[in-house]
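So the chains spell out like this:
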Amino acid sequence: MSAQPVTITLTGAGGQIGYAALFRIASGALLGSQQSVRLRLLEVPQGLQAAEGVALELTDCAFPLLHSVDIFTDPNAAFEGASVAFLVGARPRTAGMERADLLQANGGIFGPQGRAINDHADDNIRVIVVGNPANTNALIAQHNAPDVPPERFTALTRLDHNRAIGILAQEARVHVSEINGITVWGNHSATQYPDLSHATISNAPALDTLDPLWARGEYIRRVAQRGAEIINTRGSSSAASAANAAIDHMRDWISGTPQRWTSVALPSDGSYGIPEGIVSSFPARSVDGSWKIVQGLTIDLFSRERIEASVNELLEEHNAVKALGLIPA
Ligand code: NAX
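The residue numbering used here restarts from 1 in each chain and proceeds along that chain's sequence as written. At least 70 in pLDDT is required for a residue's local features to be given in this predicted model, at least 80 for side-chain atom pairs to be given and counted, and no such filter applies to totals for whole chains, interfaces and linings, which use all residues. Just so you know, side-chain values use all the structure's heavy atoms and leave hydrogens and water out.

## Details of the domain arrangement of the protein
Quoted interface sizes are often the accessible area lost when the parts come together.
Working step 1: On domain assignment, one finds that the protein holds domain 1 (6-155) and domain 2 (158-316).
Working step 2: Domain extents, as shown, originate in an automatic or database domain assignment. Look at where the C-alpha atoms of domain 1 and domain 2 centre, and you get two points 23 Å apart.
Working step 3: In this analysis, two residues are considered to be in contact whenever any of their non-hydrogen atoms come within 4.5 Å of each other. Listed as interface residues are 29 residues of domain 1 and, on the opposing side, 33 residues of domain 2.
Working step 4: Here's the idea: put two parts together, see how much 1.4 Å probe accessible area each one loses, and the total over both is what we call buried area. Buried area between domain 1 and domain 2, summed over both chains or domains, comes out near 2300 Å², and the portion from carbon and sulfur atoms is 62%.
Working step 5: Considering only the surface of domain 1 that becomes buried against domain 2, Gln 16, Arg 126 and Asn 135 emerge as the three largest contributors, covering 28% of it.
Working step 6: Each reported salt bridge corresponds to a side-chain nitrogen of Lys or Arg within 4 Å of a carboxyl oxygen of Asp or Glu. Linking domain 1 with domain 2 are one salt bridge.
Working step 7: Counting of polar contacts relies on pairs of N or O atoms within 3.5 Å, with two restrictions inside protein: one atom must be capable of donating a hydrogen and the other of accepting it, and residues adjacent in sequence are counted only when both atoms are side-chain atoms. Between domain 1 and domain 2 we count 10 residue pairs in polar contact (both at pLDDT 80 or more) in total.
Working step 8: Starting at the N terminus, helices and strands are each numbered in turn, a helix being any DSSP run of H or I of at least four residues and a strand any DSSP run of E of at least two. Mapped by element, the contributors of at least two residues to the side of domain 1 that touches domain 2 are helix H1 (16-26), strand E4 (84-87), strand E5 (126-129), helix H5 (134-143) and strand E6 (153-155).
Working step 9: Tallying contributions element by element places H1 first for the side of domain 1 that touches domain 2, with six residues.

In structure tokens:
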């Protein structure tokens with residue numbers, strides 16, 4: 001076992017995604033069976049007791065890889081020495097809340113957390129934002145951490161990616177391992193575009209075998225609305241699948257993607273005409289510890305329009321947080 005534990009900070013530790021993620025992280029699902037972990041949990045005062053309960057249960061698992069669990073309400077303390085950060089806690093939209101109110105409230109969370117990461121985290125910090133609106137919260141945190149390379153800030157669209165694989169495999173009646181080449185583009189929202197243009201099912205182009213009306217209609221809606229379907233069916237929002245996807249994202253980022261690419265929301269470098277700087281989902285592979293956007297995919301007119309619609313939504317959010325002074329103009 002590695003002598004030095006890796007410090008992992010998770011915010012929103014008293015919530016349901018935190019509960020679904022922490023036991024897997026402590027058992028080695030993120031960094032493997034030889035790497036110990038030091039958990040630093042951040043909560044707001046109202047969530048503190050729930051986080052303390054989680055810490056008691058973590059103790060009761062007697063995980064061989066778990067070095068320690070500490071709980072904080074101060075982001076500066078929580079991110080001290082962190083090289084991995086899961087930003088899960090966020091301000092949910094409540095009845096009557098306008099988008100500007102939601103962005104403002106989340107700016108009050110992700111601005112200070114970005115600054116705390118800037119000032120206290122390890123130089124190798126990798127951040128994934130799960131809390132919604134995830135892409136724009138990542139943008140806010142990134143702009144508040146000027147000393148951290150922008151590409152260290154990412155947001156979760158791996159859940160959408162995994163959903164896109166699972167739903168396609170079910171429709172095609174094949175195992176998920178037969179599915180390749182799916183991309184989710186844009187925002188983690190209803191405008192996201194799960195793109196089958198380059199997908200294959202058992203090495204054959206997916207669009208050759210699927211009903212085109214399903215592939216470019218019902219399928220897209222089904223993937224984009226899967227969160228609502230889970231709420232309607234389960235009675236509460238996705239938790240285990242969201243935690244699983246966040247761990248998939250971070251594990252692949254650190255250890256490398258297998259042959260297949262995945263979908264990652266990261267600051268755009270202008271690839272595929274997506275404006276530089278906005279945090280958009282792209283097809284990406286992790287190579288030598290960094291995400292690399294997959295280049296050279298042909299984008300047909302249908303896909304172009306879908307990507308643009310989602311990117312326009314991100315641009316509106318970007319402009320709104322700029323107007324609110326949450327990121328520099
Ligand atoms: P819960 O309400 O169960 O838990 C959230 C926890 O965060 C609470 O314990 C709360 O006290 C804490 N919290 C709030 N503000 C905080 C702050 N400033 N610092 C530290 N902790 C804070 O929500 P949960 O189901 O765990 O979902 C968490 C977030 O993930 C939500 O924003 C949700 O919308 C988002 N999701 C994002 C997904 C994605 O694919 N990107 C999918 C799943 C999920 O819906």
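## Thoughts on the pattern of salt bridges
Working step 1: Enumeration according to the criterion identifies 10 salt bridges in this entry.
Working step 2: Two residues, Asp 300 and Arg 216, come together in a salt bridge whose shortest N-O distance is 3.0 Å. Taken together, the positions of Asp 300 in the loop between strand E14 (290-293) and helix H11 (301-323) and Arg 216 in helix H8 (residues 212-224) put the pair 84 residues apart, joining distant regions of the chain.
Working step 3: Ionic pairing is found between Glu 218 and Arg 221, a salt bridge with its closest N-O pair at 3.8 Å. Of the two residues, Glu 218 and Arg 221 are both situated in helix H8; the distance of three residues between them amounts to about one turn of the helix.
Working step 4: Per-residue accessibility, obtained with a 1.4 Å probe over protein chains only, is compared with the maximum for each type, and a residue is labelled buried under 20%, exposed over 50%, and partly exposed between these values. The partly exposed category is assigned to Glu 218, whose relative accessible area is 35%.

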